[in-house]
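# Structure at a glance
Residue strings, one per chain:
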Amino acid sequence: MPQLPYTFDADQRYPVDLHMHSTASDGALTPTELVTLCAERGLTHMSLTDHDTMDGIDEAARAAEQAGLCLVAGCELSTRWQGINIHVVALMPGGLQGAMVEGLIQQRDARIQRAEVIAERLEKVGLSNALEKARVQAGSDRPLGRPDFARALVAEGLVPDWSSAFKRYLGSGKKGDVKAHWPEISQVVAWVVASGGVAVIAHPLRYGLTRRKRGLLMDTFQAAGGQAVELVSGQQNSDSTRDLARQLAERELYASLGSDFHFPGSHAAPGSMSLVPRTAASPIWQHPRLQHLRDAQPGLLASA
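Below you will find a few notes about this structure. (Residues numbered from 1 in each chain as written. Predicted model: local features only at pLDDT ≥ 70, side-chain atom pairs only at ≥ 80, totals over all residues. Heavy atoms only, no water.)

We now examine helix α9 (residues 238–251). End to end, α9 covers 20 Å across 14 residues, agreeing with the expected 20 Å (1.5 Å per residue, within 8%). If you check which residues of α9 are buried, you get Thr241, Asp243, Leu244, Ala245, Gln247, Leu248 and Arg251. Those residues of α9 that are buried are in contact with α8 (211–223), β6 (228–233) and β7 (254–258). N-cap assignment for α9: the residue whose side-chain oxygen lies 2.9 Å from the backbone N of aspartate 239 is asparagine 237. Downstream of α9 by a residue or two, glutamate 252 has a phi angle that is positive, lying close to 55 degrees. (Helix = DSSP H or I, 4+ residues; strand = E, 2+ residues; numbered from the N terminus. Expected span 1.5 Å × (residues − 1). Buried < 20%, exposed > 50% of the residue type's maximum accessible area, 1.4 Å probe, protein only. Contact = heavy atoms within 4.5 Å. Polar contact = N/O pair within 3.5 Å; in protein donor to acceptor, adjacent residues only side chain to side chain.)

Structural data, given as structure tokens:
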């Protein structure tokens, strides 16, 4: 397994993807299928970061060891900041422990309550028995998310495809866009850090923030103990990426990489993301809790 570089010293891509989803939340592939796809695409280091759960990690770890990949345990947590829904990726080299145990229980309860409200709203626009039909699409008893309702809308013929479901009913500001009572970002960061993890702001360019407001978000996050931001998340504008890199370097925040992959055929694929620019921001695997990722063996990454 090749060692990862100490710095981002050239515009290029790396065989690393630290933000992906499986059927443990709203992804289309099982953890094993996801790991297999990552191996096929030439990745050497990956993280499974399902929404508010780490239920898929054990299966992914077994598959990663067989496939010759290094897996970082993780999850993606929903939070609030100034009334905005902000996602935080928790990279957990020590696995699920400490404050994160109770934190994920709290997140699960919030997701269940949110799904019930989404179902009520969608029934008013024609999706009868919405909760049951979304459950069929999920295929398990995990908490339901908007993609499950989107697939139910498609299955019932109310919209032609998944993207239309979000444009008409589930996207930001639409009928099914329910703002759950997520915890404040500072509380979530505290859970992660106290549990031996590294907190990462997910896809910072997707929240519609001005540069100034994005900087304020980073400052709040950093003051709470957060130390990393996704510099590249899937495909993004190169100028925006370079500007984001400057914001990270100014604050000495570590730079993470992730595709936010959910399902085949979408705009994202494991390891598929824009070039990482040359930057003074340090790669996330230079973080003291993740430094051993550089030369880790296949399988689940243990605590440093």
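Having seen the structure, we can now continue with the description.
Time to look at the pairing of strand β3 (residues 70–81). Counting buried positions along β3 yields 12 of 12 residues, so the element is predominantly enclosed. Covered by surrounding structure in β3 are Cys70, Val72, Gly74, Glu76, Ser78 and Arg80 together with Leu71, Ala73, Cys75, Leu77, Thr79 and Trp81, the residues of both alternating faces. Pairing geometry for strand β2 (residues 45–48) and β3, over four bridges, is parallel. Paired with methionine 46 across the two strands is leucine 71, which belongs to β3. (Pairing = 2+ DSSP bridges.)

Covered by surrounding structure in strand β5 (residues 198–201) are Val198 and Val200 together with Ala199 and Ile201, the residues of both alternating faces. A crossover links β5 with its parallel partner β6, the connecting element being α8, and its sense is right-handed. (Right-handed = clockwise from strand over helix to strand, strands pointing away.)

With 13 residues, α8 ought to run about 18 Å at 1.5 Å a step, and its terminal C-alpha atoms sit 18 Å apart, in line with that. On the buried face of α8, the contacting elements are β3, β4 (84–91), α7 (185–194), β5, β6 and α9. A positive backbone phi angle near 115 degrees is found at glycine 225, which sits one or two residues after α8.

By size, the foremost hydrophobic cluster in this structure holds 71 residues, and its most contacted members are Met100, Leu248 and Ile284. Here this core gets seven residues from one element, more than from any other, and that element is β3. Those residues in contact with methionine 100, other than ones at most four positions away along the chain, are Cys75, Leu77, Ala90, Met92, Trp191, Val192 and Ser195. Of all hydrophobic cores here, the second largest spans 19 residues; its members include Ala119, Ala134, Ala165 and Tyr169. (Core = buried A, V, L, I, M, F, W, Y, C linked by side-chain atoms within 4.5 Å.)

For the structure shown, the criterion picks out five aromatic pairs. Plain terms: the ring middles of phenylalanine 8 and tryptophan 285 are 5.7 Å apart, the flat faces sit at 85 degrees to each other, and that makes the pair edge-to-face. With a gap of 277 residues between them, phenylalanine 8 in the segment before β1 (16–17) and tryptophan 285 in the loop between β7 and β8 (299–300) connect regions that are remote in the sequence. Neither residue differs from the other here; phenylalanine 8 and tryptophan 285 are each classed as buried. Following the ring pairs from residue to residue traces out a cluster consisting of Phe8, Tyr14 and Trp285. Directly above the aromatic system of tyrosine 6 lies the positively charged group of arginine 294, at a separation of 3.6 Å from the ring centroid. (Phe/Tyr/Trp six-rings, centres within 6.5 Å; stacked < 30°, edge-to-face > 60°. Lys NZ or Arg CZ within 6 Å of the ring centre and 35° of its normal.)

Time to look at a negative patch on the surface. Taken together, the side chains of Glu116, Glu120, Glu123 and Glu132 make up a negatively charged region of the molecular surface. For the negative patch, the leading source of residues is helix α3 (residues 99–123), giving three residues. Mapped onto the fold, glutamate 132 is located in helix α4 (residues 130–138). (Patch = residues over 30% accessible without salt bridge, like charges linked within 9 Å, V, L, I, M, F, W, Y side chains within 5 Å. Areas by Shrake-Rupley, 256 points an atom, 1.4 Å probe, with all protein chains shown as cover. Salt bridge = Lys/Arg side-chain N within 4 Å of Asp/Glu carboxyl O. Lys, Arg positive; Asp, Glu negative; His and termini not counted. Charge placed at Lys NZ, Arg CZ, Asp CG, Glu CD.)

What follows is about the side chain of glutamine 247. Structurally, glutamine 247 is set in helix α9. Those residues in contact with glutamine 247, other than ones at most four positions away along the chain, are Arg211, Arg214, Gly215 and Met218.

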